[in-house]
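Chains, contacts and geometry: an overview
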Amino acid sequence: MLRKWMVVICISLPMMIGGCGEDAQLLPPPYETFCPDAGIDVDLLVINKAPYETGHIPLSDQAFPSGQIPIYCTFWLTGDLCCTKVTVECVNQGTTVYRWVEDGNNIRTPQTVVMMPANGWLPGTFELVLFIDLRRVVESTFTVIE
């Protein structure tokens, strides 16, 4: 009889000391940490001398005069942007001359970015890159001529 009670005590003592509850490490993460933005993509991106007009999808301009200020970049995104950063960056010979960053909660579809570098658009070839978070999604080039 004593042996049975010893077995019961040995088995139940760790449960009484440690408790019978669930281990906190095994609980799933709270819903807020889940972000479905991995499927975001760009439907269309255009670079123009004039702002986007509703209902009219323009073709991208390839060359701009050096006096052109600003240059407009309009893009259409797919997916839910709730917890994403979108970046539009213009690079000339390895140097970023213009960068626009916006929280996904503030992005519209379509979204127009008014690109105006601090020193204006100097002649050269520019690479425009659109990032969603750190993912390089779209690349395009345009030229500013004298």
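We now turn to the structure provided with this report. (Residues numbered from 1 in each chain as written. Predicted model: local features only at pLDDT ≥ 70, side-chain atom pairs only at ≥ 80, totals over all residues. Heavy atoms only, no water.)

1. Some details on the pairing of strand β3 (residues 71–78)
- Extensive coverage of β3 is indicated by the burial of 7 of its 8 residues.
- As paired elements, strand β1 (residues 41–48) and β3 share 7 bridges and run antiparallel to each other. Bridging from a neighbouring strand, Val 46 pairs with Thr 74 of β3.
- By the bridge criterion, 5 bridges tie β3 to strand β6 (residues 111–115) in an arrangement that is antiparallel. Bridging from a neighbouring strand, Cys 73 pairs with Val 113 of β6. (Buried < 20%, exposed > 50% of the residue type's maximum accessible area, 1.4 Å probe, protein only. Helix = DSSP H or I, 4+ residues; strand = E, 2+ residues; numbered from the N terminus. Pairing = 2+ DSSP bridges.)

2. Points about the nonpolar core
- The biggest cluster of nonpolar side chains holds 26 residues, and the ones touching the most others in it are Leu 45, Phe 75, Val 88, Met 115, Leu 128, Leu 130 and Phe 142.
- Elements that contribute at least two residues to this core include exactly β1, β3, β4 (85–92), β5 (95–103), β6, β7 (124–132) and β8 (135–145).
- In contact with Phe 75, other than residues within four places in its own chain, are Val 42, Leu 44, Leu 45, Val 86, Val 88, Trp 100, Ile 107, Pro 110, Gln 111, Val 113 and Leu 130. (Core = buried A, V, L, I, M, F, W, Y, C linked by side-chain atoms within 4.5 Å. Contact = heavy atoms within 4.5 Å.)

3. Details of the packing of aromatic side chains
- Under the defined criterion, the tally for this structure stands at 6 aromatic pairs.
- Ring geometry for Tyr 52 versus Trp 76: centroids 5.1 Å apart, planes at 90°, classification edge-to-face. With a gap of 24 residues between them, Tyr 52 in the loop between β1 and β2 (63–65) and Trp 76 in strand β3 connect regions that are remote in the sequence.
- Aromatic pair Trp 121 and Phe 126: ring centres 5.1 Å apart, planes at 90°, arrangement edge-to-face.
- In this structure Trp 121 comes out as buried when scored by relative accessible area, which is 2%.
- Using a relative accessible area of 4% as the deciding quantity, one classes Phe 126 as buried.
- What links up through ring pairs into an aromatic cluster is the set Phe 64, Trp 121, Phe 126 and Phe 142.
- Between the NZ or CZ atom of Lys 49 and the centre of the ring of Phe 64, over which it lies, the distance is 6.0 Å. (Phe/Tyr/Trp six-rings, centres within 6.5 Å; stacked < 30°, edge-to-face > 60°. Lys NZ or Arg CZ within 6 Å of the ring centre and 35° of its normal.)

4. Let's talk about the sheet that holds β2
- In spatial order, the strands read β2-β8-β7-β4-β5; together these 5 strands make up an open sheet with mixed pairing. Strands with a single pairing partner mark the edges of an open sheet, and in this sheet they are β2 and β5. The sheet shows a mean angle of 25° between the axes of neighbouring strands, direction not considered.
- Across 3 bridges, β2 lies against β8 in parallel orientation. Counted as the bridge partner of Pro 65 is Ile 145 from β8. (Axes fitted to C-alpha atoms, helices over the stretch in contact; angles between N-to-C directions.)

5. As for the sheet that holds β6
- If you walk across this open sheet you meet the 3 strands as β1-β3-β6, and the pairing is antiparallel. Each edge of the open sheet is held by one strand with a lone partner, namely β1 and β6. Averaged over neighbouring strand pairs, the angle between their axes works out to 20° when direction is ignored.

6. Details of the side chain of Glu 89
- With respect to the helices, strands and loops of the structure, Glu 89 is situated in strand β4.
- The class for Glu 89 is buried, based on a relative accessible area of 10%.
- At 2.2 Å, the side chain of Glu 89 forms a polar contact with the side chain of Arg 99.
- Leaving out residues up to four positions away in the same chain, Glu 89 has contacts with Thr 96, Tyr 98, Arg 99, Glu 127, Leu 128, Val 129 and Phe 131. (Polar contact = N/O pair within 3.5 Å; in protein donor to acceptor, adjacent residues only side chain to side chain.)

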